[in-house]
Amino acid sequence: MAYSFQKPNKLLHQNYETLLETCLKNKCLFKDENFPADLRSIGMGSLLQKLPPKLQWKRPHVSDVQ
């Protein structure tokens, strides 16, 4: 299966334009319930031992939503 930027596959039926419109309308940040911002999303076992002890999840700068 070929992938492209013009027609990307939708992960778990998520549509970027719809999500963006909803977040802008509601003045909220997107929160992905399928990929929570915690250690469960990074991995398990020896991988976690290689991470910095005070790892923090951070959002990229967003100028349109406040």
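Heads up: the structure comes first, above all this text.
Residues numbered from 1 in each chain as written. Predicted model: local features only at pLDDT ≥ 70, side-chain atom pairs only at ≥ 80, totals over all residues. Heavy atoms only, no water.

Here we look at the overall build of the protein
Looking only at helices and strands, one finds 2 helices and 0 strands in the protein. Out of the 66 residues in the protein, the part that is buried amounts to 8%. Across the protein, contacts joining residues at least 24 apart in sequence account for 28% of those joining residues at least 6 apart. About 6800 Å² of surface is accessible on the protein, with carbon and sulfur atoms providing 58% of the total. (Helix = DSSP H or I, 4+ residues; strand = E, 2+ residues; numbered from the N terminus. Buried < 20%, exposed > 50% of the residue type's maximum accessible area, 1.4 Å probe, protein only. Contact = heavy atoms within 4.5 Å. Areas by Shrake-Rupley, 256 points an atom, 1.4 Å probe, with all protein chains shown as cover.)

Concerning a nonpolar patch on the surface
A cluster of nonpolar side chains, Phe35, Leu39, Leu48, Leu55 and Trp57, forms an exposed patch at the surface whose accessible area comes to about 440 Å². Positionally, Leu39 belongs in the loop between helix H1 (16–26) and helix H2 (46–49). (Patch = residues over 30% accessible without salt bridge, like charges linked within 9 Å, V, L, I, M, F, W, Y side chains within 5 Å. Salt bridge = Lys/Arg side-chain N within 4 Å of Asp/Glu carboxyl O.)

Thoughts on unusual backbone geometry
A positive phi is found at Lys27, a non-glycine position, where the angle reads about 50°. When you line up the elements, Lys27 lands in the loop between H1 and H2.

Details of H1
For H1, the N-terminal capping position is held by Asn15, with its side-chain oxygen 3.0 Å away from the main-chain nitrogen of Glu17. The positive-phi residue at the C-terminal boundary of H1 is Lys27, with phi of around 50°. (Polar contact = N/O pair within 3.5 Å; in protein donor to acceptor, adjacent residues only side chain to side chain.)

Brief notes about the state of the cysteines
Structurally, a disulfide amounts to a covalent bond that connects the sulfur atoms of two cysteines. With the rule as written, the count across this model stands at 0 disulfides. Free cysteine: Cys28, not disulfide-bonded; nearest cysteine sulfur from Cys23 at 4.2 Å. What makes Cys28 partly exposed here is its relative accessible area of 30%. (Disulfide = S-S within 2.5 Å.)

Considerations on the side chain of Asp32
With respect to the helices, strands and loops of the structure, Asp32 is situated in the loop between H1 and H2. Owing to a relative accessible area of 19%, Asp32 belongs among the buried residues under this scheme.

A word on the environment of Phe30
As for its position among the elements, Phe30 is in the loop between H1 and H2. Its relative accessible area of 33% is what places Phe30 among the partly exposed residues. Note: C-alpha distance between Phe30 and Leu20 (10 residues apart in sequence) is 8.0 Å.

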